[in-house]
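Observations on the three-dimensional arrangement
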Amino acid sequence: MIIQLKHNILSEQIAAIKSELDKYKYSSSVVNTQKNSYLVAIGKAEIDIRRIGILPGVADIHRVSDDFKMVSRKWKIEYSEIDFGDKVKISASELAIMAGPCSIESEEQIMKTVEHLKTNNIRFMRGGVFKPRSSPYAFRGAGIEGLKLFSNYCKAAGIKVVTEVMQSSQIEEMYPYVDMFQVGARNSQNYNLLDALGKVDKPILLKRGLSGTVDELLFSAEYIFSGGNEKIALCERGIRTYEKAYRNVLDINAIPYLKDKSHLPVILDPSHAVGIRKYVDNLALAGVIAGADGVIFEMHEQPEIAFSDGQQSLNFDESAKLYKRLRDTFEFRKLL
Ligand code: PEP
Ligand code: MN
């Protein structure tokens, strides 16, 4: 059960609601987010919710039968938007397109990528500076100095920075330079990191785990939300299966499922889902038709010499073609 509290509720009133819930053996936790305060109550007994509804300080009550609560659409039917300021949003009215290299490599690379994005009116640039690599000997990222350069060029161009945070101790130093913190697949169930991101007031791009179920993804989102941060986008990025022909398997089912179960926006990453450049574009379009609110894909001026994931990165021309097709497909979806 989710009990939305009035903004001016007194602590004695919260205590009174909790003690009423105790009578029914419901455990309850207060959740304070950027937007509201709630009591999330978990229990099995049948309660006539009017008994709670009449208590002072209660604004609204919803029964939520899903195990995840705050991210469920059983509580909040209308979809959530994420507002980044400067007229940049993740919302139902415009497809969010995020493109950029797997790794930030050099100042020149940043400049050229930003220029390309600006020309094509793309408002988000992705790029890792702290890279989770399977081998410890592979390039592990340009670090905080790389992030500062990345942020400088993006700020000047009105482009939002999307980059991965690997551990909670990095949040503070990264914070001034990041518009959206990405939680990578390998950290999708790092609950300490998720708790810490719950205390951050910037949006989170939460990726599905390498072998994570969609419900595990929703539980991970619940960690961030119940920690206080409502600005979350879910990201389908392919899962491990027995199939070896491509890097991962794009679980297209996840998109309508997540849109049905959760009010949070859903972003598709076709690059890591398939891992093969020539298939990325059509899979991205399939994701849009399936209901994605946005697409994040890897792009490099010269994918052949990229420090990481060049095999799945589009070049600038291929990307420009894809933006147009994505936008056309999104308009077409509105007619369906
Ligand atoms: C990435 O976005 O470059 C990345 C490492 O993604 P994932 O965590 O989905 O593997
Ligand atoms: Mn990558």
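Below or above, wherever it landed, is the structure these notes cover. Small disclaimer: the values here were computed from a predicted structure and weren't measured.

With that settled, the discussion passes to the coordination of the manganese ion (ligand 2). Coordination angles at a metal have ideal targets, namely 109.5 degrees for four tetrahedral donors and 90 or 180 degrees for six octahedral donors. For the manganese ion (ligand 2), every protein donor is listed as C102 (SG), H272 (NE2), E298 (OE) and D309 (OD), and the spread of their distances is 2.1 to 2.4 Å. Of note, the manganese ion (ligand 2) draws all its donor residues from one chain, in the sequence arrangement C-x169-H-x25-E-x10-D. Remark: D309 occurs in the loop between β14 (294-298) and α11 (316-335) and C102 occurs in the loop between β7 (96-100) and α3 (107-119); sequence separation between them is 207 residues. Its relative accessible area of 13% is what places D309 among the buried residues.

Our focus in this paragraph is the site of ligand 1. Taken together, C102, R126, K131, E164, Q182, G184, A185, R186, K207, R237, H272 and E298 make up the full set of residues adjacent to ligand 1. Contact between ligand 1 and H272: an oxygen atom at 3.2 Å from a side-chain N or O atom of the residue. Residues that form the shell around ligand 1 fall into these classes: two nonpolar, three polar and seven charged.

Moving on, we come to the side chain of N248. Within the secondary structure, N248 sits in the loop between β12 (232-236) and α8 (254-261). When sequence neighbours within four positions are dropped, the list of residues in contact with N248 reads R237, G238, I239, R240, H272, A273 and V274.

So, on to the pairing of strand β9 (residues 160-164). The buried fraction of β9 amounts to five of the five residues, a majority that puts the element mostly inside the structure. Neither face of β9 is exposed, since K160, V162 and E164 on one face and V161 and T163 on the opposite face are all buried. Bridge count for strand β8 (residues 124-126) against β9 is three bridges, and the pairing is parallel. Paired with R126 across the bridge in β9 is V162. In this region the chain leaves β8, passes through helix α4 (residues 143-157) and returns to the parallel neighbour β9; the handedness of that crossover is right-handed. Bridge count between β9 and strand β10 (residues 180-183): three bridges; the pairing is parallel. By the bridge assignment, V162 is partnered in β10 with M180.

About the thresholds
- Here the residue numbers are simple positions, counted from 1 along each chain's written sequence.
- Here the convention is simple: chains get letters from A, ligands get numbers from 1, in the order in which they are written.
- For a predicted model such as this one, the threshold for reporting local features is a pLDDT of at least 70, and the threshold for listing and counting side-chain atom pairs is 80 or more; totals across whole chains, interfaces and linings nevertheless cover every residue.
- Hydrogens and water are ignored here; the side-chain numbers use all heavy atoms of the structure.
- Each metal's donors are the N, O and S atoms found within 2.8 Å of it, except that Na, K and Ca use a 3.2 Å limit; water is left out, so coordination can look incomplete.
- Every helix listed is a DSSP run of H or I at least four residues long, and every strand listed is a run of E at least two residues long, numbered separately from the N terminus.
- Each residue's exposure class comes from its accessible area (1.4 Å probe, protein chains only) as a fraction of the maximum for that residue type: buried when under 20%, exposed when over 50%, partly exposed otherwise.
- To be near a molecule or strand, a residue needs just one of its heavy atoms within 4 Å of it.
- N or O atoms closer than or at 3.5 Å make up a polar contact, with two conditions inside protein: a donor-capable atom paired with an acceptor-capable one, and, for residues adjacent in sequence, both atoms drawn from side chains.
- Think of it as three bins: nonpolar holds Ala, Val, Leu, Ile, Met, Phe, Trp, Tyr, Cys and Pro, charged holds Asp, Glu, Lys and Arg, and polar takes everything else, Gly as well.
- Here a residue-residue contact requires only that any non-hydrogen atoms of the pair lie within 4.5 Å.
- Paired strands are those between which DSSP finds at least two bridges.
- Orienting the strands away from the viewer, one traces the path from the first strand over the helix to the second; a clockwise path indicates a right-handed crossover.

Note that every value here comes from positions in space, so none of it alone points to a role or purpose.
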